[in-house]
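# Secondary and tertiary structure notes
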Amino acid sequence: FTTGAHGRRLRGHSMTISPSDKVVVSISEGIATITINNLAANTWDLESLPALKAAVNALNDMSDIRALVITGQGEKFFSAGADLNQFATGDATAAQAMGDAFGGAFETLADYRGVSIAAINGYAMGGGLEVALACDIRIAERHAALALPEAKVGLLPCAGGTQRLTQLVGEGWAKRIILCGERISAEKALSLGLVEEVVDSGASLSAALELAKRASEQSPTSIAACKRLIHVARDITISAGLEAERDEFVALFSTEDQREGVTAFLEKRSPEWKNK
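Source: prediction; values computed, not measured. (Residues numbered from 1 in each chain as written. Predicted model: local features only at pLDDT ≥ 70, side-chain atom pairs only at ≥ 80, totals over all residues. Heavy atoms only, no water.)

Between helix α4 (residues 161-169) and helix α5 (residues 171-179), the least distance of the axes is 7 Å, while the angle of their chain directions is 135 degrees. Comparing the axis directions of α4 and α5 gives the class oblique. Handedness of the α4/α5 crossing: right-handed. Counted together, G161, T162, L165, T166 and V169 of α4 and E171, W173, A174, I177 and I178 of α5 form the full contact between these two elements. In terms of residue class, the contact of α4 with α5 is built from six nonpolar, three polar and one charged. (Axes fitted to C-alpha atoms, helices over the stretch in contact; angles between N-to-C directions. Helix = DSSP H or I, 4+ residues; strand = E, 2+ residues; numbered from the N terminus. Parallel < 35°, antiparallel > 145°, perpendicular 65-115°, else oblique. Left-handed = near helix turned anticlockwise from the far one by under 90°. Contact = heavy atoms within 4.5 Å. Nonpolar A, V, L, I, M, F, W, Y, C, P; charged D, E, K, R; others polar.)

Below is the structure:
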């Protein structure tokens, strides 16, 4: 089925997977495809993030769905991350709500019982890269670009970026990407271990679906057990870090630099940092 405002029946299931048209779910041959559908840049907001969480939770309850693939609508953006208009007021309460929504959605995705694959079909920036980091496997198209540019606007990655990126690429490259605002190509991401495969433009979804099909032929109980074991070390090292990430994110909203950074971005000018 495809879900938008209403769920439809599949193999005896009848439920709403996503309450939002910004997260579209389709299912074929036991594989779910989740499409980020918030044009023009597939950004995340307080509608789409809970919708993603609801979708993954619903898929967890469907024993005949063995794998999921997440991709972006269109050809340019996988996802450009958070919609910065939500932070223009500098409201810490709004920031807390967004941080909690990011955490709830992406941690639910990371804990999905089956195999999750990101088909990165374009720019993956900020929360767009973080949702890919929450997946088990990442396939990027050759033209894709990946970055965590939050510090350029007085923010920080609050949805696992500092923790999961470091685990994948090591501390040095994580610092270079986050602290220096470095945007990396798909080929560079492959060399760093940030993605597992690079394919031609337009081919990421088909490649991800083919891999998902292979994964779905494995024992689902074995897959779930293997994921739990692989995640044991990860959970010990990053669980506290994920909570601290969101705390630090909200704390930035008491600073002048946060307001200046977001305002400058929305006004398309260079920020004037005050270091306070």
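A separate point is helix α1 (residues 48-60). Between its first and last C-alpha atoms α1 spans 18 Å; for 13 residues at 1.5 Å apiece the expected length is 18 Å, and the two agree. Listed in full, the buried residues belonging to α1 are S48, L49, A51, L52, A55, V56, A58 and L59. Buried residues along α1 sit against β4 (23-28), β5 (31-36), β6 (67-72), α2 (92-110) and α3 (127-133). (Expected span 1.5 Å × (residues − 1). Buried < 20%, exposed > 50% of the residue type's maximum accessible area, 1.4 Å probe, protein only.)

We now examine the packing of aromatic side chains. A full pass over the atoms with the stated rule returns six aromatic pairs. Taking the centre distance of 5.4 Å and the plane angle of 70 degrees together, the rings of F102 and F106 count as edge-to-face. Of this pair, F102 and F106 both sit in helix α2, four residues apart, which is roughly one turn of the helix. The same class applies to F102 and to F106, which are both buried. Grouping aromatic residues by their ring pairs yields a cluster made of W44, F102 and F106. (Phe/Tyr/Trp six-rings, centres within 6.5 Å; stacked < 30°, edge-to-face > 60°.)

Below, the discussion takes up the layout of surface pockets. Computed from the structure, the largest pocket encloses a volume of approximately 800 Å³. What lines the largest pocket is a set of 35 residues, among which A80, L84, M125, P149 and F265 lie closest to the centre. When grouped by side-chain class, the residues that make up the lining of the largest pocket number 22 nonpolar, seven polar and six charged. The calculated volume of the second largest pocket comes to roughly 390 Å³. Taken together, 17 residues line the second largest pocket, and the ones lying closest to its centre are C135, D136, I230, H231 and R234. At the level of elements, β10 (137-141), α4 and α8 (220-251) are the ones that each hand at least two residues to the lining of the second largest pocket. With six residues, the single largest contributor to the lining of the second largest pocket is α8. Here the lining of the second largest pocket is built from residues that sort into 10 nonpolar, two polar and five charged. (1 Å grid on protein atoms, 1.4 Å probe; cavity = no way out; pocket = protein on both sides within 12 Å on 5 of 7 lines; lining within 4 Å. Points joined across faces, edges and corners; volume = space filled by probe spheres on them.)

We now examine the nonpolar core. Membership of the largest hydrophobic core comes to 63 residues, with the highest contact counts inside it found for F106 and I120. Counting residues per element, this core draws most heavily on α2, which supplies eight residues. Setting aside its immediate chain neighbours within four residues, I120 contacts F78, A132, R138, I139, A140, E141, A144, L146, V195 and S204. (Core = buried A, V, L, I, M, F, W, Y, C linked by side-chain atoms within 4.5 Å.)

The residue after L39, namely A40, is reached through a cis peptide bond having omega 15 degrees. Inspection of the secondary structure puts A40 in the loop between β5 and α1. The phi torsion at E29 lies on the positive side, around 55 degrees, for a residue other than glycine. Relative to the helices and strands, E29 is located in the loop between β4 and β5. What makes E29 exposed here is its relative accessible area of 66%.

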